Amino acid sequence: MKDLIMISWPKFRRPASAIPASTAWIAMASIPLVHYFWPDLGAVSDRDQTVLFALTIFAILALSEIFIARIHRKPGSGLVYNPENLKNPAYLADFWIKLIGLAASLALLALFYSTADLYRDEWYQPFFSLFGDYWPLILAVVLSVVTAVHFSMRHPRDGMWHLGRVVLSFGRQSTGARELKSFLLGLGVKGFFLPLMFCYLVYDWSFLQTRSLWDAQDFQQIYAYLYRFAFFLDLTIVTIGYATATRLLTSHIRWTETTVSGWLVCVICYAPFWQLLSRSYFNYVEDGFAWGVWLWDYPVLYGLWGGTILFFLAVYCLTAARMGLRFSNLTYRGLACDFPYNISKHPSYISKNITWWMISIPFIAVDFWAGLANCLALLGVNLIYFARAWHEERCLSRAPSYRAYKKHVNEYGLLARIRRGLSGWTRSVARQVN
């Protein structure tokens, strides 16, 4: 692949694993446009409309990567598309073992969902009812993708194959295979996050179906709609990312976070763990009080503050859109190195944490000590996200391209330049004072 020099980052060359820069802008444009022009399908449930909407966005992103970014021509998928593989005895023998691995994977997920009381809750009904209604079609799609990938792989003995080998040998073979561990961890990532994100997406779809931005009569209503739509846009990308990982689009999981601490600081930020932690340890919200109440009597400040929150939410959405088909926690699926990732290595976490400070205004409270306690609680949340960022960098640094990117952002990223500029200004002032 011909290297493309990033204009904004001198001398940094985008690697083959770099996610196409066009993905973010196509996602940011297509999601609101498709949602706006979505037809009235009153006879179709909100759950099924959500699925159709997500599939539409997936098709737009996939086709854009194929015809604009030419993703299938870039290295990294491990596929060769050799028709002779269909008649190769070794490929055929491995395929049946892989099907056993697929069956074992589905059985593990079924065991997890059936034994965890959490998933019997009515809140998760959209996800599991979808499988109950359409399992033959979903299974057919999964089988088709597994078959197409297997007979196109250079090295078809992946983690799913090793799982099949473990089952067939009753645990005597492949149990120590590195590919097996990575596959099972990746299965855990999808198994935990996909039901959660899909259900959030369905409920956001239902909410937005009863609202319209064009009916808003003041900034408060505009803010309320755009705030909810920002998370709907983010969840659309997130759900697609977890549901459609495949080598056919070079969006597969390359490796997964392996440390307990890395998993811990990630999953505690999501339901059901975060509800317990936020109530008991990190409750930084003053009941009945937030930024809107604080500034309601000052319309200009109200608009500026709310507009700033929406700006940082837009940055947050762009970070998810920038990952496109490859969004996923706890995994490496390709390098995002264009805007906004040329500002900082973690623009998502930075923008998200800034919005929490601006929305909850923990420093405004009934008294000084309550405000101090709220600020300390939110600082605790910020520390968790700092730990997430540290673990992510350690996980992603297995890739030479990420190490090069990390080094370059630490020197040429916008935040690095600001820090350097402030440091120089401070030294200059100090010299003048002395």
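Residues numbered from 1 in each chain as written. Predicted model: local features only at pLDDT ≥ 70, side-chain atom pairs only at ≥ 80, totals over all residues. Heavy atoms only, no water.

What follows is about the confidence of the model for the chain. Per-residue confidence for the chain gives a mean pLDDT of 92; residues scoring 70 or more make up 95%. Here strand 1 (residues 4-5) stands out as the least confident element of the chain, with mean pLDDT 34; helix 5 (residues 159-168) is the most confident, with 98. Here residues 1-9 is a poorly scored stretch, pLDDT under 50, and it has 25 contacts once near neighbours within four places are set aside; other chains count. (pLDDT = per-residue confidence, 0-100. Helix = DSSP H or I, 4+ residues; strand = E, 2+ residues; numbered from the N terminus. Contact = heavy atoms within 4.5 Å.)

Below, the discussion takes up the pattern of salt bridges. One pass over the full model with this rule turns up 12 salt bridges. Among the ionic pairs, aspartate 48 bridges to arginine 47, the shortest N-O distance being 2.8 Å. Like aspartate 48, the residue arginine 47 is buried in the burial classification. Its salt-bridge partner being arginine 322, residue aspartate 338 comes within 2.5 Å of it at the nearest N-O pair. Here arginine 322 lies in helix 11 (residues 299-323) and aspartate 338 lies in the loop between strand 4 (331-332) and helix 12 (347-360), a separation of 16 residues in the sequence. Comparing aspartate 338 with arginine 322, the two get one shared label, buried. The structure contains a network of salt bridges with shared partners spanning Arg14, Arg322 and Asp338. (Salt bridge = Lys/Arg side-chain N within 4 Å of Asp/Glu carboxyl O. Buried < 20%, exposed > 50% of the residue type's maximum accessible area, 1.4 Å probe, protein only.)

This part covers unusual backbone geometry. Alanine 271 connects to proline 272 through a cis peptide bond whose omega is 5°. Looking at where proline 272 falls in the secondary structure, it is placed in the loop between helix 8 (260-267) and helix 9 (273-280). Of note, the bond from phenylalanine 339 into proline 340 is cis; its omega dihedral lies within 30 degrees of zero at 5°. With respect to the secondary-structure elements, proline 340 resides in the loop between strand 4 and helix 12.

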